[in-house]
Amino acid sequence: MENEKLIENQEQYLILEALREAGIQLTSSLEQEPVLDAILTQTLNLVKAGDAHIFLYNDGKLTFGSARWADARKSEPFSEPREEGITYSVARGGKRIVSSNVNENPLFQKWQWGGAIVSLPLKIGEQVVGVMNVAYEQPHEFSPEELRVLELLAVQAAIALQNASLYEEVSTDRRRLRLLYEVTNALVSEYDSSVILQKAIDLTTTALKASSGEAFLLDRLTGELRLAAQSPKRELSVDDRGELIKRHLAEGLEGWVASHRVPVWIPNVNHDPRWLNIDDFRTNVSSALCVPIQAGEDLLGVISILSEDYLNEDQLDLLNAISKQVALALSNALKFHRVERGLAELSALQQVGRVVNSRLEMQSLLDEVVEQVRQVLGYEIVEIYLVEGEMLQLKAAKGSEDGLAHEMHWSEGIIGRVTRTNQAAYIPDVSKDPDYVVGYPDSKSEIVVPLSKGDIVIGVLNVESPELGGLGESDLQLLILLADQVLVAVENATLYNRLQKHSSQLERLVEERTSELAEALEQARVAERLKTQFVADVSHELRTPLANIRLYLELLNFGNPERSGEYLETLLRENDRLAILIEDLLAISSLDTGTAMPNLKAEDLNTLVHRLVMDRKRMLAEKSLKLNLEMGDQLPNVMVDEGMITQVIASLMTNAMHYTRAGGTISINTKIQSWEDEEWVTLTVADTGIGIPPEEQERVFERFYRGKASRMLPVPGTGLGLAISKEIVDRHHGHISLQSKVDQGSEFTVWLPLHHEKTS
Ligand code: ADP
């Protein structure tokens, strides 16, 4: 009894030890396989059975979990569970079945192997998650203890299965999160779309244990999918391979996904018509995933993950999640580029603005503008053409200096078209534009913007790129903005040029004026000299009559008393001469000081003339001069200062008499004449005298000027008569004209206004 107790205790101990061991395994590992293996090992130890199997039960299906024979672990079951067999019965019924001799059990009718078996459901609550079978090669009676131990182990196994599946779930989620996290992390600071796609598919391909990954971007311009990244790296570059597979993409899986915009999982590519073996790299693929990369409604591209093994649907979900991250990264990159571009644009506009404000000389301005546009915005070729007549002249260029004709006719090329139509041209592919004239052989796309003010095109801004579609709509908008700036710049420069011309004109004018001034100064000096001369003349003129007067007074006193009459006559003449001179001097000085203001009264000119003629009748007769008078009929009165005008007429008559030889004729006439739309009363004194040479005609009105005639004839005088007359007539708002021919005579005409409102 003691012994039995001992043995029982020992067994109990072994059982507990086995259960503890299984428990330790259960807690030490979360992986399903080692735990199941540990349970099966303990089972075989405790119940001394031949083999033990665990099958997993899910969705009405049994799948192999783990198996162990007394001597070794097996990776395959002894046999697959039969539909009508014991394992399915237990799985479906949820109740243990014990068969001490299978040959007697109807479940083994068709397959009698002569042993014993117990089949235990592995349950969590009421749900069967698996079945554990423990079998003997010979019939075996199961003791209640054995069954109790097996039940306990079955509970352990169920827990292990549950833990493992929970763990599996958690760890799948974790792996998934990890991958997403890695993808997000890898992409977060990337702004290059190729790098983003490369990183994303590298990570995904590795994480999904797929054989290859490919990412494609949608080319908006052509609507085609373009290979942008491939993993692993191939011998063919992305570009070369992309070019080769491009035309297949529209029909293939990627094309389908791009047009339907839904993720696709192809478990077996051989059974799916969308799958195309488009190149060697795809020959061994057996399963594929393909998802669209979408930012909102915008399709950016697609990602394909391909495997030589089986890919499952869960992986599609993961890939889809990754593609969302990729889309985010791509649109961020795009935004970044836009911002970057926006900044560059702003700075270009600002720079150009700065240039506009700082450069005024046309050529350096245009050079600076193209340099800025090229540098800041990174265009390959930038040119400015300006219209000159019917030609477009290349005025400034960067990047194309060697390649382009330097002038074009209006009718030529895209540039000519833009000039004619005043419409900007955006040409993504120059080879498709019929107007394109090859200037720069590498050019693939071009934008030409007119520099125009309203309807007037003064030139064009031309930008070219060596890439197809290298220039976009946003470039067009920017260049239109820039064109406005350039136009302002050009206008400013033109204005500046004009100003410069104007200022040089001004300079010339200043020079002219300066020389005029110098001339005037010279004249003033001459006048000054004349004045000095005059003072000398006057002193001489004064001295001569004074000396004569003194001489004849002496003669009167001490000379021949018989000749005293003659002496007296000379004395009187000299006295007269002196008086005239003094009068002239007084007249000119009062005109100068402004004390001689004309006292205007309505006078009849004919009367004044008559009076003077009467006074001079004797003198005329003495000189044998004929007088011819033609007084205008009904001549209206003129507003004049009688004394002053009398002085003028007297002066003219005296001159005429002085400068006409004996036998000549002096004619005087008065009349009304029109000149410059006005009516004038004129008085003309004409003679048939020696005349005035043309070079003297201007000068005879200058003060102190005495002409050749005065020396030829010798005529006494001061050279003041005509100057005084001119100034008097000026003060009457009139003028004196002169016509004269040497040896034929002179004709002085005084023009007095018939109507004038004001006198000064
Ligand atoms: P003056 O007769 O005292 O020299 P004027 O001022 O009267 O001064 O005349 C200036 C000059 O004009 C004269 O010196 C003379 O050379 C010329 N002149 C004036 N009147 C006549 C005239 N009728 N015929 C020819 N020369 C004249």
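All values reported here derive from a predicted model rather than from experimental measurement.

1. Looking at helix α7 (residues 253-260)
One full turn of an α-helix is made of 3.6 residues, so residues set three or four places apart face in the same direction.
(1) Moving on: What α7 keeps buried is the set L253, E254, G255, V257 and A258.
(2) Moving on: The inward-facing, buried residues of α7 abut β7 (212-219), β8 (224-231), α6 (238-249), β9 (264-266), β10 (287-295) and β11 (298-307).
(3) Moving on: Phi turns positive one or two residues past the end of α7, at R261, with a value near 55°.

2. Brief notes about the packing of aromatic side chains
(1) Moving on: Tallying each qualifying case throughout the model produces 12 aromatic pairs.
(2) Moving on: Seen in terms of ring centroids, W680 and W751 are 6.4 Å apart; in terms of plane orientation they differ by 85°. Their pairing is edge-to-face. Here W680 is found in strand β22 (residues 678-687), whereas its partner W751 is found in strand β24 (residues 745-753), with 71 residues between them in sequence. For the residue pair W680 and W751, the accessibility class agrees, reading buried in each case.
(3) Moving on: Members of the aromatic cluster, connected to one another through ring pairs, are W69, F78, F108, W111 and W113.
(4) Moving on: Between R274 and the ring centre of W256, over which it is positioned, the NZ or CZ distance is 4.4 Å.

3. Some thoughts on the domain arrangement of the protein chain
(1) Moving on: Considered domain by domain, the protein chain is made up of domain 1 (15-171), domain 2 (188-339), domain 3 (357-596) and domain 4 (598-753).
(2) Moving on: Taking only C-alpha atoms, the centre of domain 3 and the centre of domain 4 are 46 Å apart.
(3) Moving on: Of the residues lining the interface, 12 residues belong to domain 3; the matching set on domain 4 comes to 13 residues.
(4) Moving on: Taken together, both faces of the contact between domain 3 and domain 4 bury some 1200 Å²; the carbon and sulfur share is 67%.
(5) Moving on: Applying the counting rule to domain 3 against domain 4 returns 0 salt bridges.
(6) Moving on: Where domain 3 touches domain 4, the interface holds 0 residue pairs in polar contact (both at pLDDT 80 or more).
(7) Moving on: When contributions to the side of domain 3 that touches domain 4 are tallied by element, the ones reaching two or more residues are α11 (473-558) and α12 (564-593).
(8) Moving on: Element by element, the count of residues in the side of domain 3 that touches domain 4 is highest for α12, at 8 residues.
(9) Moving on: Here the residues of the side of domain 3 that touches domain 4 sort into 8 nonpolar, no polar and 4 charged.

Conventions we followed
- Residues numbered from 1 in each chain as written.
- Predicted model: local features only at pLDDT ≥ 70, side-chain atom pairs only at ≥ 80, totals over all residues.
- Heavy atoms only, no water.
- Buried < 20%, exposed > 50% of the residue type's maximum accessible area, 1.4 Å probe, protein only.
- Helix = DSSP H or I, 4+ residues; strand = E, 2+ residues; numbered from the N terminus.
- Contact = heavy atoms within 4.5 Å.
- Phe/Tyr/Trp six-rings, centres within 6.5 Å; stacked < 30°, edge-to-face > 60°.
- Lys NZ or Arg CZ within 6 Å of the ring centre and 35° of its normal.
- Domains from an automatic or database assignment.
- Buried area = accessible area lost by both parts, 1.4 Å probe.
- Salt bridge = Lys/Arg side-chain N within 4 Å of Asp/Glu carboxyl O.
- Polar contact = N/O pair within 3.5 Å; in protein donor to acceptor, adjacent residues only side chain to side chain.
- Nonpolar A, V, L, I, M, F, W, Y, C, P; charged D, E, K, R; others polar.

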